[in-house]
Amino acid sequence: MSLRVSDWRDAMLQTVPVMFGYLPLGAAFGILFMQLGHPWWGALLMSLFIYAGAGQFLAVTLLANHAGLVEIAVATFMLNSRHLFYGLSLLKRFQGAGWRKPYLIFALTDETYSLLTSQQRMDLERHDHAAAWRISVLNQLWWVLGSLAGALAGATLEFDSRGIEFALTALFIVLTLEQARRLREALPFLVALIVGVGAIVLLPDRHLLLGAIAATSLVLFAHYLWIDRGQEGKA
């Protein structure tokens, strides 16, 4: 029992940065959900069974504008297509996860991916599926609690919530700095910075995220091939 408590405590400490982002951002979603005239329990169900973060914001906005299911499906796919890249990079990590694997796939958000890939290399090599599962569960818990609190507040209170959406940007900054501190490899972050700026300048907003991720992946893959060929040449 003491081991389990210790494991959950460790997972909670790791998810504290996500908690500070998910609680206010989830609350913002819950408030928006109520402002668009939906019942409070709908926000709770979306956060439990969809758990898509920005996808939930997009869905309720499109529903409020009377968009069709096909439009919502296409827009959501485009928004969440970055998870294709996330999943591919974790194929080996999730091997042998057993009954935990479906939930690990379902709960793979941007922030959870960042935490899992920020763990020490030794942890990555051990493929600690139980630890990854605990992190995933706690991250969703923070989002669900935030959504529920926002929905209940939106049903009973009136207040100015402008600017609360910046919590997500701040969270990404913190997680990026944490990854940089642990990995101590400048290349991925330098490539991301250059490609990101280039995407902002060259691409329209609707294609910016996907284009930046695809370009970054291609550059890093080309670098990997170049390094691999260099090592074969030395051998």
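Residues numbered from 1 in each chain as written. Predicted model: local features only at pLDDT ≥ 70, side-chain atom pairs only at ≥ 80, totals over all residues. Heavy atoms only, no water.

### Looking at the confidence of the model for the protein
- Of all residues in the protein, 83% have pLDDT values of 70 or greater, and the mean over the chain is 80.
- The least confident element of the protein is helix α8 (residues 121–126), whose mean pLDDT is 47; the most confident is helix α2 (residues 40–49), at 93. (pLDDT = per-residue confidence, 0-100. Helix = DSSP H or I, 4+ residues; strand = E, 2+ residues; numbered from the N terminus.)

### Regarding the nonpolar core
- Ranked by size, the top nonpolar core spans 29 residues in total, and within it Y22, F29, F33, M46, L108, L116 and W143 carry the most contacts.
- For this core, the elements supplying multiple residues, two or more each, are α1 (2–35), α2, α3 (54–64), α7 (110–118) and α9 (129–156).
- The element that contributes the greatest number of residues to this core is α1, accounting for eight residues.
- Apart from residues lying up to four places away in sequence, F29 is in contact with A43, M46, S47, Q56, F57, V60, W143 and S147. (Core = buried A, V, L, I, M, F, W, Y, C linked by side-chain atoms within 4.5 Å. Buried < 20%, exposed > 50% of the residue type's maximum accessible area, 1.4 Å probe, protein only. Contact = heavy atoms within 4.5 Å.)

### Some words on α7
- Summarising burial for α7: eight of the nine residues are buried, a large majority.
- Those residues of α7 not exposed but buried are D110, E111, T112, Y113, S114, L115, L116 and S118.

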